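Close look at the chain arrangement
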Amino acid sequence: MKIAVIGAGNVGAMVAGRVVDAGLADVVLIDIAPGLAKGKALDISDSRPITGSLSKIEGSEDLKATQGAGIVVVTAGLARKPGMSRDDLLRKNSEIIKDVSGKIKRYSPSAIVIVVTNPLDAMTYLAMKTTGFEPARVIGMAGVLDSARFMNAVSPDIAVTQDEKVFMMGSHGDTMVAINRSDGLDDKIFKQGAERARNRGAEIVGHLKTGSAYFAPSAAVFYMLKAILKNENRTVCCSAYLQGEYGEKDIYIGVPVVLGSSGVVRIIEIEFTEQEKKAFKKSVSQIHETIAKI
Ligand code: APR
């Protein structure tokens, strides 16, 4: 199985490195910036005699090199620069996603696509519409990351994995919806943890000054890749396409799904409290507003 990673910036290169280090699959790394993907691919490749991985990696500027990939991870995009409005960023990243999605359709018509580019839910929607792939094969990475941030905030001393009891749904943004189904998690800690998780991306950017988070985001993509490649049928929070689930239609939004070799095997509908229902509705409206602009 060949995995294509489009965008060899922080997140893309780290995803490629994790996949090759673990020997999960062969990788083709792509970036529009001359030499960037080639150079990083060579560097990642050199770690194979150290890690003992047999996975191969190549870099290119041309998406043609991704031909026949089984999974395509899209991290291509711009980060918001000073003076750039959210709408400017939306326009720019929409152009990139349209261009890249058209090429994915041409070169890897059977691929499963994982979108990472922000604004996540709208960009995943655009990738699905542009490729014309069935929605189960186009998935956004956000919930795994947001849920991990949430879990890390509420129980930093416990090595928890995605345990399906404390997780994040809704949009990958200010209106994400914190869900608590664990017994014994103090309400105050729950609320503080949710707030911390919601602001974590900005907190990290504040420290870094340039660039944004990529260690946990790439770990989240790796987690999804493994679930798909190994057909784990694992419950994972992702941005998925709703067609009546949760009473919503024609939208990508963060929900728990079962992830396996065909992509989204099914969407899990959890029972909301009144408060969660309201918060989810707010998230839905926000994503519809963004989608309307593209
Ligand atoms: N084709 C291929 N690569 C592209 C294209 C394109 N059309 N347009 C931009 N790129 C590349 C850039 O050259 C850059 O190397 O995408 C890469 C993005 O990398 P970074 O700027 O380092 O961004 P990163 O931190 O990896 O985040 C990528 O994921 O989490 C989101 O908000 C984040 O949208 C951003 C994306």
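Residues numbered from 1 in each chain as written. Predicted model: local features only at pLDDT ≥ 70, side-chain atom pairs only at ≥ 80, totals over all residues. Heavy atoms only, no water.

To continue, consider the packing of aromatic side chains. All chains considered together, the criterion is met by 6 aromatic pairs. Relative to Y252, the ring of Y241 lies with its centre 5.4 Å away and its plane at 40°, an arrangement referred to as tilted. One end of the pair, Y241, is in strand 9 (residues 234-243); the other, Y252, is in strand 10 (residues 249-260), with 11 residues separating them in the sequence. With respect to burial, Y241 and Y252 carry one shared label: buried. Residues F272 and F280 carry aromatic rings whose centres are separated by 5.1 Å and whose planes lie at 45° to one another, so their mutual orientation is tilted. With relative accessibility at 16%, the residue F272 sits in the buried group. You can call F280 buried: its relative accessible area is 2%. These aromatic residues form a ring-pair network of at least three members: Y246, F272 and F280. The ring centre of F133 lies 4.2 Å from the NZ or CZ of R137, which sits over that ring. (Phe/Tyr/Trp six-rings, centres within 6.5 Å; stacked < 30°, edge-to-face > 60°. Helix = DSSP H or I, 4+ residues; strand = E, 2+ residues; numbered from the N terminus. Buried < 20%, exposed > 50% of the residue type's maximum accessible area, 1.4 Å probe, protein only. Lys NZ or Arg CZ within 6 Å of the ring centre and 35° of its normal.)

Segmenting the chain into domains produces domain 1 (2-140) and domain 2 (143-293). Using C-alpha coordinates to define each centre, domain 1 is positioned 21 Å away from domain 2. Every contact between the two is made by 32 residues of domain 1 and, on the other side, 36 residues of domain 2. Around 2,800 Å² of area is buried between domain 1 and domain 2 when both sides are counted, 75% of it from carbon and sulfur atoms. By the criterion of area lost to domain 2, the three top residues of domain 1 are L24, D121 and Y125, representing 23% of everything that side buries. Along the contact surface separating domain 1 from domain 2 lie 2 salt bridges. The closest approach of N and O atoms between D250 and K129, which form a salt bridge, is 3.4 Å. At the boundary of domain 1 and domain 2, one finds 11 residue pairs in polar contact (both at pLDDT 80 or more). Of all the elements in the fold, those that place two or more residues in the side of domain 1 that touches domain 2 are helix 1 (10-22), strand 4 (71-74), helix 4 (86-107), strand 5 (112-115), helix 5 (120-131) and strand 6 (138-140). For the side of domain 1 that touches domain 2, a count of residues per class yields 23 nonpolar, 4 polar and 5 charged. (Domains from an automatic or database assignment. Contact = heavy atoms within 4.5 Å. Buried area = accessible area lost by both parts, 1.4 Å probe. Salt bridge = Lys/Arg side-chain N within 4 Å of Asp/Glu carboxyl O. Polar contact = N/O pair within 3.5 Å; in protein donor to acceptor, adjacent residues only side chain to side chain. Nonpolar A, V, L, I, M, F, W, Y, C, P; charged D, E, K, R; others polar.)

Moving on to the environment of G260. Within the secondary structure, G260 sits in strand 10. Assessed through its relative accessible area of 0%, G260 is described here as buried. Considering only alpha carbons, one finds G260 and R234, 26 residues apart in sequence, at a separation of 6.9 Å. Once residues within four sequence positions are removed from consideration, G260 is found in contact with A227, I228, N231, N233 and V265.

With that settled, the discussion passes to the packing of helix 6 (residues 143-154) against helix 8 (residues 215-229). Two elements in contact, helix 6 and helix 8, have axes whose closest approach is 8 Å; the angle formed by their N-to-C orientations is 120°. Considering their axes alone, helix 6 and helix 8 lie oblique with respect to each other. Crossing hand, helix 6 versus helix 8: right-handed. Note on element contacts: helix 8 touches helix 6 through A216, P217, A220, Y223 and M224, opposite V144, L145 and R149. Of the residues that constitute the contact of helix 6 with helix 8, the class distribution is 7 nonpolar, no polar and 1 charged. (Axes fitted to C-alpha atoms, helices over the stretch in contact; angles between N-to-C directions. Parallel < 35°, antiparallel > 145°, perpendicular 65-115°, else oblique. Left-handed = near helix turned anticlockwise from the far one by under 90°.)

Going through the model one piece at a time under the given rule, you end up with 15 salt bridges. Its salt-bridge partner being E195, residue R198 comes within 2.9 Å of it at the nearest N-O pair. Note that R198 and E195 are positioned in helix 7 (residues 187-208) at a spacing of 3 residues, about one turn of the helix. Classification of R198 as partly exposed rests on a relative accessible area of 24%. Taken together, the shared-partner salt bridges connect R196, R200 and E203 into one network.

Here the focus is the layout of surface pockets. What the second largest pocket holds in volume is close to 460 Å³. In this structure, the second largest pocket is lined by 18 residues; those nearest its centre are V177, A178, R198, Q275 and A279. Per element, the largest residue contribution to the lining of the second largest pocket is 6 residues, and it comes from helix 7. For the lining of the second largest pocket, the residue count by class is 6 nonpolar, 4 polar and 8 charged. (1 Å grid on protein atoms, 1.4 Å probe; cavity = no way out; pocket = protein on both sides within 12 Å on 5 of 7 lines; lining within 4 Å. Points joined across faces, edges and corners; volume = space filled by probe spheres on them.)

Surveying the vicinity of the ligand reveals 16 residues, the closest of which are N10, V11, D31, T75 and N118. Contact between the ligand and V11: an oxygen atom at 2.8 Å from a main-chain N or O atom of the residue. Against a free-state accessible area of 730 Å², the protein chains account for coverage of 82% of the ligand. Elements with a minimum of two residues in the shell around the ligand: helix 1 and helix 4. (Near = heavy atom within 4 Å. Areas by Shrake-Rupley, 256 points an atom, 1.4 Å probe, with all protein chains shown as cover.)

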